[in-house]
Amino acid sequence: MADQLTTAEVTAVLTAACDAIVAAKDRLTQADQAIGDGDHGVGMARGFTAGKQALAEASPGSAGEAFKAVGSAVLATSGGASGAIFGTLFRAPAKVLDGDTLDAEGFASALEAGAEQVMRRGKAQVGQKTMLDALVPAAEAARSAVPDGLTATARAAADAAAEGVERSAELVSGFGKSKSLGERSVGHPDPGAISVSVLLAAMADAIDAS
Ligand code: ADP
Ligand code: MG
């Protein structure tokens, strides 16, 4: 249980998040086969394998640099919509994090910056069955939990993302490859929302163990 992480600990937390996406590859593939083209698991696994490698090679000097190393690698290697979306998500925190530690305030700000940049670049809104349906509630839950410290903030974000995944199943797709399915997308959670939930759960677990 840490209430402030060093850059080395942030690097370890992000490495755990990369590992969790790689481990979830088949689940993400199946989710995208249900309402998309089936490439989400392969793309995310490729991107976050490169993200982990970048963390190992870059020796980030700050928390922001660590996030950015992952984001740049994902952007360069993932492909598909999710390469740009998840690359943007991880590159955004570098703009708001300063210094070599990460606390609850920084964690909430990182998620808010990520959500803001994803919405700016991708032009989707909450309720359209995208990863934003997990990410935006996660950022809001993180902000509310800041007074309780980093461990609680990360857990609140992970829990809200998991609830967002459940809710995304009930939504009609308004964006991306699943849009053409319309009502037929109902009953299936959004693959990108699952990815957000997997990333945040792994980060919460790793922060808990720090
Ligand atoms: P592609 O749609 O190119 O096949 P992926 O299957 O890897 O890419 O990723 C699909 C996921 O990307 C969706 O489940 C959704 O969560 C996310 N996504 C797609 N477009 C957007 C967008 N404009 N904004 C936010 N998320 C998006
Ligand atoms: Mg796809």
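Residues numbered from 1 in each chain as written. Chains lettered and ligands numbered in written order. Predicted model: local features only at pLDDT ≥ 70, side-chain atom pairs only at ≥ 80, totals over all residues. Heavy atoms only, no water.

Another aspect to go through is the side chain of Thr-11. With respect to the helices, strands and loops of the structure, Thr-11 is situated in helix α1 (residues 7–23). On the basis of relative accessibility, which here comes to 15%, the residue Thr-11 falls in the buried class. Aside from chain neighbours lying at most four places away, what touches Thr-11 is Leu-55, Pro-60 and Ala-66. (Helix = DSSP H or I, 4+ residues; strand = E, 2+ residues; numbered from the N terminus. Buried < 20%, exposed > 50% of the residue type's maximum accessible area, 1.4 Å probe, protein only. Contact = heavy atoms within 4.5 Å.)

With that out of the way, let us pick up the packing of aromatic side chains. This model, assessed by the stated rule, comprises 2 aromatic pairs. Consider the rings of Phe-48 and Phe-90, whose centres lie 5.5 Å apart with planes at 70°: the pair is edge-to-face. Here the residue Phe-48 occupies a position in helix α3 (residues 40–58), and Phe-90 occupies one in helix α5 (residues 80–91), the gap between them amounting to 42 residues. The class for Phe-90 is buried, based on a relative accessible area of 4%. Linked through ring pairs, Phe-48, Phe-67 and Phe-90 together constitute an aromatic cluster. (Phe/Tyr/Trp six-rings, centres within 6.5 Å; stacked < 30°, edge-to-face > 60°.)

So, about the coordination of the magnesium ion (ligand 2). With distances of 2.0 to 2.3 Å, the protein atoms coordinating the magnesium ion (ligand 2) are Asp-32 (OD), Asp-37 (OD) and Asp-39 (OD). Within one chain, the residues donating to the magnesium ion (ligand 2) are spaced in sequence as D-x4-D-x1-D. Its relative accessible area of 42% is what places Asp-37 among the partly exposed residues. (Donors = N, O, S within 2.8 Å, 3.2 Å for Na, K, Ca; no water.)

Moving on, we come to the pattern of salt bridges. Under the defined criterion, the tally for this structure stands at 6 salt bridges. Arg-155 is paired through a salt bridge with Asp-208; the nearest N and O atoms lie 3.3 Å apart. You can see Arg-155 sitting in helix α8 (residues 150–169) and its partner Asp-208 sitting in helix α9 (residues 191–209), a full 53 residues away along the chain. Assessed through its relative accessible area of 33%, Asp-208 is described here as partly exposed. One salt-bridge network, in which partners are shared between bridges, spans Glu-105, Glu-112 and Arg-143. (Salt bridge = Lys/Arg side-chain N within 4 Å of Asp/Glu carboxyl O.)

Residues Leu-14, Phe-48, Phe-86, Phe-107, Met-131, Leu-135 and Leu-200 are the most contacted members of the largest nonpolar core, which totals 62 residues. The biggest single contributor to this core is α9, with 11 residues. (Core = buried A, V, L, I, M, F, W, Y, C linked by side-chain atoms within 4.5 Å.)

Bringing a positive patch on the surface into the picture now. A contiguous patch of positive charge, built from Lys-68, Arg-91, Lys-95, Arg-120, Arg-121 and Lys-123, is present on the exposed surface. Here Arg-120 is to be found in helix α6 (residues 104–122). (Patch = residues over 30% accessible without salt bridge, like charges linked within 9 Å, V, L, I, M, F, W, Y side chains within 5 Å. Areas by Shrake-Rupley, 256 points an atom, 1.4 Å probe, with all protein chains shown as cover. Lys, Arg positive; Asp, Glu negative; His and termini not counted. Charge placed at Lys NZ, Arg CZ, Asp CG, Glu CD.)

Lining the immediate surroundings of ligand 1 are 18 residues, of which Asp-39, Ala-81, Ser-82, Met-131 and Asp-190 lie closest. A distance of 3.1 Å separates an oxygen atom of ligand 1 from a polar side-chain atom of Asp-37. The separation between a nitrogen atom of ligand 1 and a polar main-chain atom of Gly-122 is 3.0 Å. Bound to the protein, ligand 1 loses 92% of the 560 Å² it would expose on its own. Where the shell around ligand 1 is concerned, the elements lending two or more residues are α5, α6 and α9. (Near = heavy atom within 4 Å. Polar contact = N/O pair within 3.5 Å; in protein donor to acceptor, adjacent residues only side chain to side chain.)

What follows concerns the side chain of Ser-78. Mapped onto the fold, Ser-78 is located in the loop between α4 (63–77) and α5. Accessibility expressed as a relative area gives 1% for Ser-78, which makes it buried. For Ser-78, the contacting residues outside a window of four places in its chain are Gly-43, Met-44, Arg-46, Gly-47 and Gly-83.

Compared with an ideal rise of 1.5 Å per residue, which puts 19 residues at 27 Å, α9 spans 27 Å between its outermost C-alpha atoms and is within 8% of the ideal. The N-capping residue of α9, defined by a side-chain oxygen 3.1 Å from the backbone nitrogen of Gly-192, is Asp-190. (Expected span 1.5 Å × (residues − 1).)

In this model α8 runs 29 Å from its N-terminal to its C-terminal C-alpha over 20 residues, within 8% of the 28 Å that 1.5 Å per residue would give. Taken together, the buried positions of α8 are occupied by Leu-150, Thr-151, Thr-153, Ala-154, Ala-157, Ala-158, Ala-160, Ala-161, Gly-164, Val-165, Ser-168 and Ala-169. The elements touched by buried residues of α8 are β1 (4–6), β2 (101–103), α6, α7 (132–145) and α9.

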